[in-house]
Amino acid sequence: MTTTTATHHPITVVGAGLGGLTLARVLHVHGIDALVLDLDASPTARHQGGMLDLHEDTAQVALRAAGLYEEFLAIVHPGGQAMRIVDRHGSVLMADDEGDEGDRPEVNRNDLRRILLDSLPAGTVRWGAKVTAARPLGDGRHELRLADGGVLTTDLLVGADGAWSRIRPLVSAAVPAYAGISFVETDLPASAAAHTATLGLAGRGMMFALGDDRGMLTHLENDGTVHSYTALRVPEDWAAGVDFADTDAARAEVLQHFDGWDARLRALIADAEGALVPRPIHALPIGHRWPRTPGVTLLGDAAHLMSPFAGEGANLAMLDGAELAAAIAAHPGDPEAALAAYERELFPRSESAAAESAANLDLCFAADAPQGLLERMAGYRASA
């Protein structure tokens, strides 16, 4: 019989997404070391997604705390804040084409993640470290077991491991529920024959094309690619019934949901390059919270998974990471006080954002869409 010797780390973060990396970076700014575990084999093992709008009162606050605000400004996508709302016939109902004003500049998620990774000491992130089990040891300490057979213990454990967190069950029995909408993610490259016509409709930044319980949400990326999230109100098991490994068959299945839509919109699917990627949308209950549990907490989607219709997921994850780091630094030697202070602020702000996200999902897929979104944007303009 062999035994495995556990290594010990005072602070262990599970998940090297934007929230987990922000936590590690702000801790490093305060002179505090952390170990970050991630199941990916390397930082480039998979594409991290498209464009993000970083909000002045959340992610930008976190980047300032991380000492990375100037690096962030250097990767802002010019014109990325432009927005259009169109209907299924391709009629432009609202256009804000300037795109360089406002407090929510767009950046590429991969560029942002690179900045955070480059700011950390070598060895902070342990790649290929998939957590298979986590259990309390008492006195706030926890043990983690890894898929490679490794075992480690920690004094402070942070679950930053996303929607299907393995750390969440230590504090909460909540599980994400299907939100009623599934995305299909596609890319229309600048080389595609239909690109010019579609780009002429979509504009420089973001476009919402809505109607008939479905829609297309697009971003123009730095290289000219139009990145699209095709949205369908379909049953939770819809994607499982489509062979997305057969791109042509998947394309035909998605396109049939858009019969009668403008050809420039249909081109986002018909002329897409590469695989079509299904992404069913799930959310944790609005107001998800847990009792103070010694030695462990959550951040980002592990704590407050919500639909993307408030644009708050990545922003809140980064603010979570920065505020948790600040709380730890403010309570040296007293992790329970730090976690309690962090969670007092976490719970109400995430509840508010989750409620907004759920309301916006209903707005975008209402029977009269995109009318509700047009009225919402008109209200924002009037109050500006």
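Here, the structure is the one placed above.
So, a few notes on the structure that sits alongside this text. (Residues numbered from 1 in each chain as written. Predicted model: local features only at pLDDT ≥ 70, side-chain atom pairs only at ≥ 80, totals over all residues. Heavy atoms only, no water.)

1. Here's the deal with the overall build of the protein chain
Test applied: Under the DSSP-based scheme used, a helix requires at least four consecutive residues in state H or I and a strand at least two consecutive residues in state E, with every element numbered from the N terminus. The globule rule is 2.2 Å times the number of residues to the power 0.38, and the radius of gyration it is compared with is taken over C-alpha atoms. Type-normalised accessible area, obtained with a 1.4 Å probe on protein chains alone, sets the label of each residue: buried when under 20%, exposed when over 50%, and partly exposed for intermediate values. What makes two residues a contact is simply this: any of their non-hydrogen atoms within 4.5 Å. The protein chains shown are the only cover counted for residues, whose accessible areas, like all others here, come from Shrake-Rupley with a 1.4 Å probe.
Helix and strand counts for the protein chain come out as eleven helices and 16 strands. Computed over its C-alpha atoms, the radius of gyration of the protein chain comes to 21 Å, within 12% of the 21 Å expected for a compact globule of 384 residues. With the principal axes as the frame, the protein chain shows a C-alpha extent of 65 × 50 × 35 Å. Counting every position in the protein chain, which comprises 384 residues, the buried fraction comes to 53%. Restricting to contacts in the protein chain with at least 6 residues of sequence separation, those with at least 24 account for 71%. For the protein chain, the accessible surface area stands at approximately 16,300 Å², while carbon and sulfur atoms represent 52% of it.

2. With respect to helix α9 (residues 313-330)
To keep it simple, the criterion reads: A helix is expected to reach a length of 1.5 Å times the quantity of its residues less one.
For α9, which comprises 18 residues, the first-to-last C-alpha distance of 26 Å matches the rise-based estimate of 26 Å (1.5 Å per residue) to within 8%. The element α9 is extensively covered by neighbouring structure, given that 13 of its 18 residues are classed as buried.

3. Some details on the pattern of salt bridges
Rules: Should a side-chain nitrogen of Lys or Arg be within 4 Å of a carboxyl oxygen of Asp or Glu, the pair is scored as a salt bridge.
Overall, the coordinates contain 15 salt bridges when judged by the stated rule. Its salt-bridge partner being Arg 141, residue Asp 155 comes within 4.0 Å of it at the nearest N-O pair. Here Asp 155 is found in strand β10 (residues 151-159), whereas its partner Arg 141 is found in strand β9 (residues 141-146), with 14 residues between them in sequence. Taking relative accessible area as the criterion, Asp 155 reaches 34% and is therefore assigned partly exposed. The exposure class of Arg 141 is partly exposed, given its relative accessible area of 31%. For Glu 351, the salt bridge goes to Arg 289, with nearest N and O atoms at 3.2 Å. With a gap of 62 residues between them, Glu 351 in helix α10 (residues 335-364) and Arg 289 in the loop between β15 (277-283) and β16 (296-298) connect regions that are remote in the sequence. A relative accessible area of 42% places Arg 289 in the partly exposed class.

4. Remarks on the packing of aromatic side chains
Applicable threshold: Aromatic pairs are defined between Phe, Tyr and Trp rings, using the six-membered ring for Trp, whenever the two ring centres lie within 6.5 Å; interplanar angles under 30 degrees are classed as stacked, those over 60 as edge-to-face, and all others as tilted.
Per the counting criterion, the structure on display carries seven aromatic pairs. The interplanar angle of 75 degrees and the centroid separation of 6.0 Å between the aromatic rings of Trp 238 and Phe 244 together place this pair among those described as edge-to-face. Considered together, Trp 238 and Phe 244 belong to a single accessibility category, that of buried residues. Among the aromatic side chains, those forming a connected cluster through ring pairs are Phe 183, Tyr 229, Phe 309 and Phe 365.

5. Focus on the nonpolar core
Soluble, globular proteins show a tendency: their nonpolar side chains are buried together. Inclusion rule: The definition of a nonpolar core used throughout is a set of buried Ala, Val, Leu, Ile, Met, Phe, Trp, Tyr and Cys residues joined through side-chain atoms within 4.5 Å.
Judged by nonpolar contacts, the single largest core of 59 residues is most densely connected at Leu 23, Leu 37, Leu 54, Leu 112, Leu 144 and Leu 324. Here this core takes seven residues from α9, the largest share from any one element. When sequence neighbours within four positions are dropped, the list of residues in contact with Leu 54 reads Ala 59, Gln 60, Leu 63, Phe 72, Asp 103, Arg 104, Pro 105, Val 107, Leu 112 and Asn 315. Counting residues in each nonpolar core, the second largest holds 27 residues, with Ala 239, Val 254, Leu 268 and Ile 269 among its members.

6. Overview of the packing of helix α6 (residues 247-255) against helix α7 (residues 263-270)
Cut-off, in case you're wondering: Axis definition: a line fit to C-alpha positions, over the contact stretch in the case of helices; interaxial angles, taken between N-to-C directions, run 0 to 180 degrees. By definition in this entry, angles of less than 35 degrees are roughly parallel, angles greater than 145 are roughly antiparallel, angles of 65 to 115 are roughly perpendicular, and the rest are oblique. Left-handed describes a crossing whose near helix is turned anticlockwise from the far helix through less than a right angle; right-handed describes the clockwise counterpart. Each residue is assigned to one of three groups, with Ala, Val, Leu, Ile, Met, Phe, Trp, Tyr, Cys and Pro labelled nonpolar, Asp, Glu, Lys and Arg labelled charged, and all others, Gly among them, labelled polar.
Where α6 meets α7, the closest approach of the two axes is 9 Å, and the angle between their N-to-C directions is 150 degrees. The angle between α6 and α7 falls in the class roughly antiparallel. Crossing angle aside, the handedness with which α6 passes α7 is right-handed. Of the residues in α7, those touching α6 at Arg 251, Val 254 and Leu 255 are Arg 266, Ile 269 and Ala 270. By residue class, the composition of the contact of α6 with α7 is four nonpolar, no polar and two charged.

7. Some remarks on helix α1 (residues 18-29)
Because the α-helix completes a turn every 3.6 residues, residues three or four places apart line up on one side. Helix length check: α1, at twelve residues, gives a terminal C-alpha distance of 16 Å against a target of 16 Å (1.5 Å per residue), a fit within 8%. Of all twelve residues that make up α1, ten are buried, and the element is covered over most of its length. Inspection of α1 places Leu 18, Gly 19, Gly 20, Leu 21, Thr 22, Leu 23, Ala 24, Arg 25, Val 26 and Leu 27 among the buried residues, and these make up the whole buried set. Of the residues one or two after α1, Gly 31 is the one with positive phi, at around 80 degrees.

8. Structural notes on the side chain of Thr 58
Along the chain, Thr 58 turns up in the loop between β3 (51-53) and α2 (59-65). Its relative accessible area of 6% is what places Thr 58 among the buried residues. Setting aside its immediate chain neighbours within four residues, Thr 58 contacts Glu 312, Asn 315, Leu 316 and Leu 319.

9. Considerations on the sheet that holds strand β5 (residues 92-96)
Stated formally: Strands are labelled as partners when DSSP assigns at least two bridges between them.
Reading across the sheet, the seven strands line up as β5-β4-β12-β13-β14-β11-β15 and stay open at both edges, with mixed pairing between neighbours. In this open sheet, the two strands that pair with only one neighbour each are β5 and β15. Within the sheet, the average angular offset between the axes of one strand and its neighbour, ignoring direction, is 20 degrees. Bridge analysis of strand β13 (residues 214-220) against strand β14 (residues 226-232) gives seven bridges, and the strand direction is antiparallel. Within β14, the position partnered with Thr 218 by the bridge is Ser 228. Most of the contacts of α7 go to β13, to which it runs at about 75 degrees, and overall it touches β4 (83-86), β11 (177-188), β12 (206-211), β13 and β14.

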